[in-house]
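Residues per chain are reported as follows:
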Amino acid sequence: MKLVMAIIKPFKLDEVREALTGLGIQGLTVSEVKGFGRQKGQTEIYRGAEYAVNFLPKVKIEVAVTDDLVDQIVEAVQRSASTGRIGDGKVFVLDMAAAVRIRTGESGADAL
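Since this is a predicted model, take the numbers as computed values, not measurements.

K.L.:
In this structure, what is going on with the pairing of strand β1 (residues 2-8)? I would like to understand it.
P.N.:
Where a strand is regular, its side chains alternate between the two sheet faces. As paired strands, β1 and strand β5 (residues 56-65) are joined by 7 bridges and run antiparallel to one another. By the bridge assignment for β5, Ile 8 is matched with Val 59. Pairing of β1 with strand β6 (residues 89-95), which is carried by 7 bridges, proceeds in the antiparallel orientation. Each residue of the ladder has a partner; that of Leu 3, found in β6, is Leu 94.

K.L.:
Help me out: how do you make sense of the sheet that holds strand β2 (residues 29-35) in this one?
P.N.:
Hydrogen bonds between backbone atoms are what pair the strands of a sheet, whose relative direction is either parallel or antiparallel. The sheet built from 4 strands is open, its strands ordered β2-β5-β1-β6 with antiparallel pairing. Lying at the two open borders of the sheet, with one neighbouring strand each, are β2 and β6. Within the sheet, the average angular offset between the axes of one strand and its neighbour, ignoring direction, is 20°. Of the strands in this sheet, β1, β2 and β5 are in contact with helix α1 (residues 13-22), which crosses β5 at around 10°.

Thresholds, definitions, all that
Residues numbered from 1 in each chain as written. Predicted model: local features only at pLDDT ≥ 70, side-chain atom pairs only at ≥ 80, totals over all residues. Heavy atoms only, no water. Pairing = 2+ DSSP bridges. Helix = DSSP H or I, 4+ residues; strand = E, 2+ residues; numbered from the N terminus. Axes fitted to C-alpha atoms, helices over the stretch in contact; angles between N-to-C directions. Contact = heavy atoms within 4.5 Å.

This is the structure in structure tokens:
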């Protein structure tokens, strides 16, 4: 089992969700986060004063999947979240040691 974590631009969330549900993903977790990468934030002008925005709004998507779906999930996220511009985000794939469905007590891949 793997945990696929993607950090993307907020306006791309619906496209990514549609791509993942098209692959049969039945559940995912979405969090609003802030951060920066190579772009190091940006400078904005508010009421005539210039100030630096060090953390940009992003969305973090987390999906627990079986090993056989990982490549398809990563490709779907990359394709649907891409704008071709800096700040599109990243995808991380982590090993999951265990998963348990609280309601039924199912564990492992059955819990996904």
